[in-house]
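# Examination of the molecular architecture
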Amino acid sequence: MGAFVALAFWSDAARFGEALGRVGIGELAALLALSVANYATRAERWRVFLASAGHPLDRRAAAANYVRGFAWTTTPGKVGEAARALELKRDHDVPYAVSIAALLADRLSDVLGLALLSILALAFIPHGGTVAICVAAGVAVALWIAASDRRTAALVRVLVRVVPHRFAARFEALARESSRMARGGPLTIGLALSVVGWAAEAWALHLVVASMGATMPVETAMGIYAIALLGGALLLLPGGLGSTEALMLFLLVQAGMEPAAAGAATVVSRVTTLWFAVGLGWAALAWKGAARKLTG
């Protein structure tokens, strides 16, 4: 939260607070609903990938497992992913190799979906059309590689060269397993769900910007959200903390928002997405713990 305080003072604390106050209860409810839509579609994608590996879960169990992992989003070392894998092994006898491969397929879908959405904001940057074509081509190449065992194996052999030798064989097996999940029907469904889910949260940023009186094309706001998340992920910080906020603020200002309003929009967006997810994750963990005590 220190980054949010810094945003307030950098952009003018008084105007920052005034901008925050423009987000009413109705807007807040809409933002949280859009975040829930994102979590629901991604949880369904998680179920699809596990089912494609021969471990079908019902929707309720898959969603609960996925949401509980959100509790650890802001912790280092991908603790949330490990918690999902441990729970799947304990409660559903899903091998660790399968759950980790499902994670890789899940992340691939995230990157491809966000990359496609980022194209929406590229029009307002210099040479944006060229960059958009490059991004679209990159997504197409990734899908083309994922569609073939031979091409996937060739890519994995290249990647294995930068992996420490003692992990190379295990990494190769996981990469091939995840590529099989992200292929054919699972790939189509997973990518579609990724685009729909992230588009919901990206649309939410447009609503935040509009509630603060700023005029910005909806596609620009949605693309900015996608670019900020991708940029934050590249720095490998837990939840993209700090880097995502800085990039989102910068892009909103570049798109014409006043710094105070852009800072407030960034705070509202992150609180109703990242921190809302963390809160839901802890609530889901507490609910499971309480249920176990009642039944144990």
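Here is what the cut-offs are and how they apply
- Residues numbered from 1 in each chain as written.
- Predicted model: local features only at pLDDT ≥ 70, side-chain atom pairs only at ≥ 80, totals over all residues.
- Heavy atoms only, no water.
- Helix = DSSP H or I, 4+ residues; strand = E, 2+ residues; numbered from the N terminus.
- Buried < 20%, exposed > 50% of the residue type's maximum accessible area, 1.4 Å probe, protein only.
- Contact = heavy atoms within 4.5 Å.
- Areas by Shrake-Rupley, 256 points an atom, 1.4 Å probe, with all protein chains shown as cover.
- Salt bridge = Lys/Arg side-chain N within 4 Å of Asp/Glu carboxyl O.
- UniProt positions renumbered as here; feature names shortened; annotations may be inferred.
- Phe/Tyr/Trp six-rings, centres within 6.5 Å; stacked < 30°, edge-to-face > 60°.
- Axes fitted to C-alpha atoms, helices over the stretch in contact; angles between N-to-C directions.
- Parallel < 35°, antiparallel > 145°, perpendicular 65-115°, else oblique.
- Left-handed = near helix turned anticlockwise from the far one by under 90°.
- Nonpolar A, V, L, I, M, F, W, Y, C, P; charged D, E, K, R; others polar.
- Core = buried A, V, L, I, M, F, W, Y, C linked by side-chain atoms within 4.5 Å.
- Lys, Arg positive; Asp, Glu negative; His and termini not counted.
- Polar contact = N/O pair within 3.5 Å; in protein donor to acceptor, adjacent residues only side chain to side chain.
- Expected span 1.5 Å × (residues − 1).

This part is about the overall build of the protein chain. Looking only at helices and strands, one finds 13 helices and zero strands in the protein chain. If you list the helices and strands of the protein chain from N to C, you get α-α-α-α-α-α-α-α-α-α-α-α-α. Sorting the 296 residues of the protein chain into buried and exposed places 46% on the buried side. Looking at the protein chain alone, contacts between residues at least 24 apart form 72% of all its contacts between residues at least 6 apart. Total accessible area on the protein chain is roughly 14,300 Å²; 69% of this is exposed by carbon and sulfur atoms.

So, on to the pattern of salt bridges. Tallied over the entire structure, the rule returns 12 salt bridges. The residue Glu-44 makes a salt bridge to Arg-47 at a minimum N-O spacing of 2.7 Å. Taken together, the residues Glu-44 and Arg-47, both in helix α3 (residues 25-52) and three residues apart, mark about one turn of the helix. For Glu-44, a relative accessible area of 17% corresponds to the buried category. One salt-bridge network, held together by shared partners, links Arg-68, Glu-87, Arg-90, Asp-91 and Lys-288.

Attention now moves to the UniProt feature "transmembrane region" (unreviewed entry) in the protein chain. The feature "transmembrane region" (unreviewed entry), as annotated in UniProt, sits at residues 114-147, 187-210, 222-241 and 261-287 in this numbering. Secondary structure content for residues 261-287 is 100% helix and 0% strand, and the end C-alpha separation is 37 Å.

Applying the stated criterion across every chain yields a total of five aromatic pairs. When the ring of Tyr-39 is compared with that of Phe-276, the centres are 6.0 Å apart and the planes differ by 40°; the resulting orientation is tilted. Of the two residues, Tyr-39 sits in helix α3 while Phe-276 sits in helix α13 (residues 259-295), which places them 237 residues apart along the sequence. Summarising the aromatic geometry, the rings of Trp-46 and Tyr-66 are spaced 5.7 Å apart at their centres and angled 45° between planes, so their arrangement reads as tilted.

On to the packing of helix α6 (residues 96-118) against helix α11 (residues 218-234). Contact pair α6 / α11: the axes reach a minimum separation of 7 Å and the direction vectors enclose 140°. Comparing their axes, α11 and α6 come out oblique. With respect to the hand of their crossing, α6 and α11 are arranged in left-handed fashion. Between α6 and α11, the contacting residues are Val-111, Leu-114, Ala-115, Leu-117 and Ser-118 on the first element and Gly-223, Ala-226, Ile-227, Leu-229 and Leu-230 on the second. A breakdown of the residues in the contact of α6 with α11 according to their chemical character gives eight nonpolar, two polar and no charged.

Peptide bonds are mostly trans, and most non-glycine residues show a negative phi. Phi at Asp-93 is positive, roughly 55°, even though this residue is not glycine. Tracing the backbone shows Asp-93 in the loop between α5 (79-92) and α6.

Attention shifts here to the nonpolar core. Formed by 33 residues in total, the largest nonpolar core has its most connected members in Ile-224, Leu-252 and Met-257. Those elements that place two or more of their residues in this core are α3, α6, α10 (184-211), α11, α12 (243-254) and α13. Sort the elements by how many residues they give to this core and α10 lands first, with eight residues. Apart from the residues lying within four places of it in its own chain, the contact partners of Met-257 are Val-209, Ala-214, Met-216, Leu-252, Ala-262 and Ala-265. Counting residues in hydrophobic clusters, the runner-up holds 19 residues, among them Ala-43, Phe-49, Leu-88 and Val-98.

It is worth spelling out the side chain of Glu-201 at this point. Residue position: Glu-201 is located in helix α10. Buried within the structure, Glu-201 lacks any salt-bridge partner; Arg-42 is the closest side chain of opposite charge, at an N-O distance of 5.0 Å. With near-sequence residues (within four places) excluded, Glu-201 lies in contact with Leu-34, Ser-35, Asn-38, Tyr-39, Tyr-225 and Thr-273.

This part takes up helix α4 (residues 59-68). Residues Ala-61, Ala-62, Asn-65, Tyr-66, Val-67 and Arg-68 constitute the buried set of α4. Capping the start of α4 is the job of one residue whose side-chain oxygen sits 3.1 Å from the backbone nitrogen of Arg-60: Asp-58.

Moving on, we come to α3. Across its 28 residues, α3 extends 41 Å between first and last C-alpha, which sits within 8% of the 40 Å expected from 1.5 Å per residue. The positive-phi residue at the C-terminal boundary of α3 is Gly-54, with phi of around 90°.

Inspection of the secondary structure assignment puts Val-268 in helix α13. Once you skip the residues sitting within four places of it in the chain, Val-268 turns out to touch Leu-20, Val-23, Leu-31, Val-208 and Met-212.

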